[in-house]
Amino acid sequence: MLVSAAGYLAATVPLRLAGAGAAVAIPLLAVSEYDDVALGGALVAASLAPAVVAAPLVGAVMDRVRHPRLLVMASGVVTFVAFGATALLGTVPIEVIFVLLVAAGAVSPFYMGGASSFVTDEIVDERRAFAYDSGSYNIGYVGGPAIVAVSAVGGSAVLAMWLMAGAALAGAIATLALRMPARPQAIESMWQTIAAGAKHLVGHRPLTVVIASSTLAYSGSGALPIAAVALSLERTGSAADAAIIVTAFAIGGLVGSVLAIVRPSERFSPEMVMGLGFAAIGAFTLVAVPNLGLGWTIAAIGLSGVFTASSNIAMLQLRKQQSPLGVRSQIFTIGAGLRTTAAAAGAAVAGLVAGLPAGILLAGIALSWLASGAIMLLYPRGTQPLPED
């Protein structure tokens, strides 16, 4: 199992790290080359927005092809080309870079939710498998921006972008170590498969509750960096400390993932773990609202991050258990796409109300997490996993 886990992490961590790091490196590069923050925002949006639109098709394709890992590999190669071209911003025409970043965004669901839908084929123990997957995301979300930050301190946003391109290529090559067996052959057309997946997502109440809860939760995640900037400016007079607050949250998530891998527990049902985990994140976020010093804020946010691992692992378990095998990848990619959209919406809303006191912003984020936990109370009692055939 350790060999399978290592292979899965070797493929997914670099790909997810590249995506997370590029979202930080691209604006820095735009400012460096053109002194244009708006251009950086537009380029980042181009690299993220297509994922939501492409997710159903990506998932349906992964559920039908004979060698899904080749699609993950191809997505890594496309990402490498797009990020490599972006590193040449100022030399390569901006229009070309936009097109390439849109392509990279469109294929990102392959190595995000798509890869997650196959993790239990690589690692037999379901809970531990999703713990590794959660850890893969957290390592990427911490490592990518950290590498970019170190490169940027050295004065080279171009180097940061090349490192993200290299990470994408490394992940693409590492997919050769994955198995990712084909799903049972579908007899209906591609569009019928997509329609079946959408119908199940909307019509199967347990899955609908899980998707609704996790989507709302990620609006809080998206708003946190904006609130962190407001908190940092209000409490220390410098925006630089915002990175420490956000990093504390991500490191908390990584610690939670490690604990789940080392000491997996099945004492509570996944739906209870997911609901209580989201509620705990909200509760510790509320603890950070009082202005008791930067250390207090960092500690409270860091502790809230610890519970993201257990709740995300439970979410992935429930998504897998309540998704028919023939549309499972589609459910996973749509779910990931909705979370990405919710995070972007959370950031946008936080930006619009950024003039409010920082404590109010943070309290609003806490309430979104608490509401996400409350939604899990609607999960039908006694629900059993769907059969695998």
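Residues numbered from 1 in each chain as written. Predicted model: local features only at pLDDT ≥ 70, side-chain atom pairs only at ≥ 80, totals over all residues. Heavy atoms only, no water.

So what about the packing of helix α5 (residues 94–116) against helix α14 (residues 328–352)? Which residues, and what values?
Packing of α5 against α14 brings their axes to within 7 Å, and their N-to-C directions diverge by 125 degrees. Taken together, the axes of α5 and α14 lie oblique to each other. As for the relative orientation of α5 and α14, their crossing is right-handed in sense. Of α14, the residues touching α5 (which contributes P109, G113, G114 and S116) are F332, T333 and A336. Along the lines of polarity and charge, the residues of the contact of α5 with α14 split into three nonpolar, four polar and no charged. (Axes fitted to C-alpha atoms, helices over the stretch in contact; angles between N-to-C directions. Helix = DSSP H or I, 4+ residues; strand = E, 2+ residues; numbered from the N terminus. Parallel < 35°, antiparallel > 145°, perpendicular 65-115°, else oblique. Left-handed = near helix turned anticlockwise from the far one by under 90°. Contact = heavy atoms within 4.5 Å. Nonpolar A, V, L, I, M, F, W, Y, C, P; charged D, E, K, R; others polar.)

Talk me through the nonpolar core; I want residue IDs and the actual numbers.
Of all hydrophobic cores here, the largest spans 84 residues; its most connected members are F83, L101, M161 and M274. Among the elements that line this core, the one with the most residues is helix α1 (residues 2–34), at 11 residues. Contacts of M161, omitting those with residues within four sequence positions, involve A22, A25, I26, L29, F83, T86 and A87. Grouped together as the second largest cluster of nonpolar side chains are six residues, L201, L207, I331 and I334 included. (Core = buried A, V, L, I, M, F, W, Y, C linked by side-chain atoms within 4.5 Å. Buried < 20%, exposed > 50% of the residue type's maximum accessible area, 1.4 Å probe, protein only.)

How would you sum up the packing of aromatic side chains? Please name residues and give values.
Per the counting criterion, the structure on display carries four aromatic pairs. Between F278 and W369, the ring centres sit 5.6 Å apart and the planes meet at 50 degrees, which makes this aromatic pair tilted. Pair noted here: F278 is in helix α12 (residues 270–287) and W369 is in helix α15 (residues 358–375), with a separation of 91 residues, a long-range link. Judged by its relative accessible area of 4%, W369 is buried. In this structure an aromatic cluster arises from ring pairing among F249, F278 and W369. For the cation-ring pair, R16 lies above Y137, with the distance from its terminal atom to the ring centre recorded as 3.7 Å. Directly above the ring of F332 sits R319, whose terminal nitrogen or CZ lies 5.0 Å from the centroid. (Phe/Tyr/Trp six-rings, centres within 6.5 Å; stacked < 30°, edge-to-face > 60°. Lys NZ or Arg CZ within 6 Å of the ring centre and 35° of its normal.)

Tell me about helix α10 (residues 205–236), residues and numbers included.
For α10, built from 32 residues, the straight-helix expectation of 46 Å at 1.5 Å per residue is met to within 8% by its first-to-last C-alpha distance of 46 Å. Of all the bends found along α10, the most pronounced is centred on L224 and spans about 35 degrees, while P225, a proline, follows it within four residues. G237 sits one or two positions beyond α10 and adopts a positive phi of about 80 degrees. (Expected span 1.5 Å × (residues − 1). Bend = angle between axes of the 7 residues up to and from the residue.)

Outline the confidence of the model for the protein chain, listing residues and values.
Summary statistics for the protein chain give a mean pLDDT of 85 and a share of 95% for residues scoring 70 or more. Mean pLDDT per element in the protein chain: helix α2 (residues 37–48) is the minimum at 78, and helix α4 (residues 68–87) is the maximum at 95. (pLDDT = per-residue confidence, 0-100.)

Break down α4 for me, with residues and values.
Across its 20 residues, α4 extends 29 Å between first and last C-alpha, which sits within 8% of the 28 Å expected from 1.5 Å per residue. Residues of α4 that are buried: P68, V72, S75, G76, T79, A82, F83, G84, A85, T86 and A87.

Run through the packing of helix α3 (residues 50–64) against helix α9 (residues 190–203), naming residues and quoting values.
Close contact between α3 and α9 brings their axes to 10 Å; oriented N to C, the two are set at 115 degrees. Judged by the inter-axis angle, α3 sits roughly perpendicular to α9. For the pair α3 and α9, the sense of crossing is right-handed. From α3, P56, L57, A60, V61 and R64 reach across to α9, where they touch M190, T193 and I194.

Could you give me a rundown of a nonpolar patch on the surface, with the residues and numbers involved?
On the surface, V349, L352, V353, L356 and I360 cluster together into a nonpolar patch covering about 470 Å² of accessible area. Relative to the assigned elements, I360 resides in helix α15. (Patch = residues over 30% accessible without salt bridge, like charges linked within 9 Å, V, L, I, M, F, W, Y side chains within 5 Å. Areas by Shrake-Rupley, 256 points an atom, 1.4 Å probe, with all protein chains shown as cover. Salt bridge = Lys/Arg side-chain N within 4 Å of Asp/Glu carboxyl O.)

Give a description of the pattern of salt bridges that names residues and reports values.
By the definition in use, this model includes one salt bridge. In this structure, R16 engages D133 in a salt bridge whose closest nitrogen and oxygen atoms are separated by 2.9 Å. Residue R16 is found in helix α1, and its partner D133 is found in helix α7 (residues 126–153); the two are separated by 117 residues along the sequence. A single burial state applies to R16 and to D133, both of which are buried.

Tell me what's going on with unusual backbone geometry, and back it up with residues and numbers.
When glycine is set aside, most residues are seen to have a negative phi, and most peptide bonds are trans. Despite not being glycine, M180 shows a phi value in the positive range, around 45 degrees. The topology assignment puts M180 in the loop between α8 (157–174) and α9. When its relative accessible area of 3% is taken as the criterion, M180 is described as buried.

Account for the environment of V102, with residues named and values stated.
With respect to the helices and strands, the residue V102 is situated in helix α5. Sequence-distant contacts of V102, that is, excluding residues within four places in its chain, are made with A46 and P50.

Any details on the side chain of T12? Residues and values, ideally.
As for its placement among the helices and strands, T12 is situated in helix α1. Apart from the residues lying within four places of it in its own chain, the contact partners of T12 are A115 and S136.

How would you explain the side chain of S329 if you had to name every residue and give the values?
Topologically, S329 is positioned in helix α14. Using a relative accessible area of 0% as the deciding quantity, one classes S329 as buried. Excluding residues within four positions of it along the chain, S329 makes contact with G59, M62, D63, S117, F118 and R183.

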